[in-house]
Structure formats: C-alpha cells, structure tokens
Amino acid sequence: MRNILSILIFLIAFPAGAHAQQANVEKTLYGVQAGFLGIWGHNEYRLSNAIALRSEVGLDTELFGGSIYDRTGYVFTPVLSLEPRWYYNLTNRLRKSRTIANNSGNFLSVKTSYHPSWFVISNYDNIRIVSDISIIPTWSIRRSIGRHFNFEAGLGIGYRYIFAKQAGYAENDSELAVNLNLRIGFHF
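Here we summarise the structure given alongside this text. Being a predicted model, the structure only gives us computed values, none of them experimental. Every chain's residues receive numbers from 1 upward, in the order its sequence appears when written. Only residues with pLDDT of at least 70 get local features here, since the model is predicted, and only at 80 or more are side-chain atom pairs given and counted; chain-wide, interface and lining totals rely on the full set of residues. The side-chain quantities take in all heavy atoms of the structure and omit both hydrogens and water.

### Notes on the overall build of the protein chain
The numbering of helices and of strands both runs from the N terminus, where a helix is a DSSP run of H or I of at least 4 residues and a strand a run of E of at least 2. The helix and strand tally for the protein chain stands at 2 helices and 9 strands. In sequence order, the protein chain lays out its α and β elements as α-β-β-β-β-α-β-β-β-β-β. Relative accessibility under 20% of the residue-type maximum defines a buried residue, over 50% an exposed one, and the middle range a partly exposed one, all with a 1.4 Å probe and only protein chains included. Out of the 188 residues in the protein chain, the part that is buried amounts to 34%. Every residue pair with non-hydrogen atoms within 4.5 Å of one another is taken to be in contact. Within the protein chain, contacts between residues at least 6 apart in sequence are counted, and of these 57% link residues at least 24 apart. Using a 1.4 Å probe, accessible areas were evaluated by the Shrake-Rupley method; residue-level cover was limited to the displayed protein chains. Total accessible area on the protein chain stands at roughly 11800 Å², and carbon and sulfur atoms take up 62% of it.

### Here's the deal with the packing of aromatic side chains
By convention, a stacked pair of Phe, Tyr or Trp rings (six-membered ring in the case of Trp) has centres within 6.5 Å and planes under 30 degrees apart, an edge-to-face pair has planes over 60 apart, and any other such pair is tilted. The final tally for this structure, using the stated rule, is 7 aromatic pairs. Ring geometry for Phe64 versus Tyr124: centroids 5.5 Å apart, planes at 45 degrees, classification tilted. With Phe64 in strand 3 (residues 51–64) and Tyr124 in the loop between strand 6 (121–122) and strand 7 (132–145), this pair connects stretches of sequence that are 60 residues apart. The burial state of Phe64 is the same as that of Tyr124; both residues are buried. Centroid distance Phe186 to Phe188: 5.4 Å. Interplanar angle 75 degrees. Geometry classified as edge-to-face. Of the aromatic side chains, those joined through ring pairs into one cluster are Phe149, Phe186 and Phe188.

### A few points about the pattern of salt bridges
The term salt bridge refers to a pairing of a side-chain nitrogen on Lys or Arg with a carboxyl oxygen on Asp or Glu at a separation within 4 Å. In total, this model carries 13 salt bridges according to the counting rule given. A salt bridge links Lys111 to Glu56, with the shortest nitrogen-to-oxygen separation between them at 3.6 Å. With Lys111 in strand 5 (residues 105–115) and Glu56 in strand 3, this pair connects stretches of sequence that are 55 residues apart. The pair formed by Lys111 and Glu56 is uniform in burial state, with each residue classed as buried. Glu56 serves as the salt-bridge partner of Arg183, at 2.6 Å between the closest nitrogen and oxygen. In this pair, Arg183 sits in strand 9 (residues 173–187) while Glu56 sits in strand 3, placing the two residues 127 residues apart along the sequence. For Glu56, a relative accessible area of 5% gives the class buried. Linked by salt bridges that have partners in common, Glu44, Arg54, Glu56, Glu83, Arg85, Lys111, Arg142, Glu152 and Arg183 make up one network.

### A closer look at the pairing of strand 4 (residues 73–87)
In this description, strands pair whenever DSSP reports at least two bridges between them. With 14 bridges connecting them, strand 3 and strand 4 associate as antiparallel partners. Residue pairing in the sheet places Leu59 in a bridge with Pro78 of strand 4. Of the strand pairs in this sheet, strand 4 and strand 6 are connected by 2 bridges, and their pairing is antiparallel. Note on strand 6: the bridge partner recorded for Phe76 is Ile121. The pairing of strand 4 with strand 5 spans 6 bridges and is classified as antiparallel. When the sheet's bridge partners are listed, Tyr87 is paired in strand 5 with Phe107.

Set out below in structure tokens:
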C-alpha cells in the first residue's frame, strides 16, 4: 500500500515528467534550401529559448516575358538576408507530443533582404539588375521530414526600396513587397 501511495504522489507531483525535451530552439543550425524561385544556404543561431537569428546567402530567381521579349527569360541574382524568428508555439507542440527538433514550429519573423548588383546569371545577354533592400514581416511554418530534411512555407507583405539612381534613373523608388515562401531543405 505504501508503494502504491508513493507512486501516486510521484505521478501527481510530476505529471510532465514524460517530456524530457525542453521547449528551446536549437543552439545553431546550418543548412541549404531550394524553393520555387531560388536556392539558399543558411545558419540559425539561438538568441533565447524561442528566438533565433537566421542569416542567409543565396540566389533569388525572377522570371520575365511578354510581347517585348522573344522568349521567356530568367535571372538569378545574389541575395543576403537577416531574419530574426520568434518560434511562438514550441511549448504547445511539446505538450501535444509533436517534435520541435531542428526548430519545427510556427514562427513570426521580419525578413530583411538585400539584392546587390554584383552579378547576374540569365539566358539573355547584357541584363543588369538594380540593387534593392526589403523588410517584410512574415508568418511561416517549419517542419522536419526525417532526420535531416525540412520544409518551410510562409507569407508576408512589406516594403522594398529600390536604389534606382545607381542605374542612372533620376530618383530611387519604393514599392509593396511580398514574401511567398515555399522551400524544402537539408540541414547538417
């Protein structure tokens, strides 16, 4: 009877003892991702239990065409991004016995991207791009697939500033920017 009472007291006092995993983002993650319009290498570094800072280098893709061009064109341009991410549902995922490994969870972020005019890869000759910077608040999800693979999907609307004077225009320009994110990746 004493043993049964001891076991009951232990189970009542420590109901979450089955969860050995803490609700923290990973200390650091390195990986590569490919998406509908590009390929990127990234690092996520933990700043707090729920916040990670993602740095990213990659190639963004743009497609163009229409009556002016004799064929559909593409452009690959370099991009540098910095993105603080707040993974807001890690504790809830653990409570529901879902994994948070490799930062699997929902997150809010502010993606800041810079497209320098260093080089262009295109199927057209003499294509130049104009440098720009964008700041886009984004809601996204990240899920692990197996041990090393993941996918991300997200949507955000923000602001883009275009350095048009560099290309000989009279004024710089700005516009609404959209971040539609659908990527699959591998982390090391």
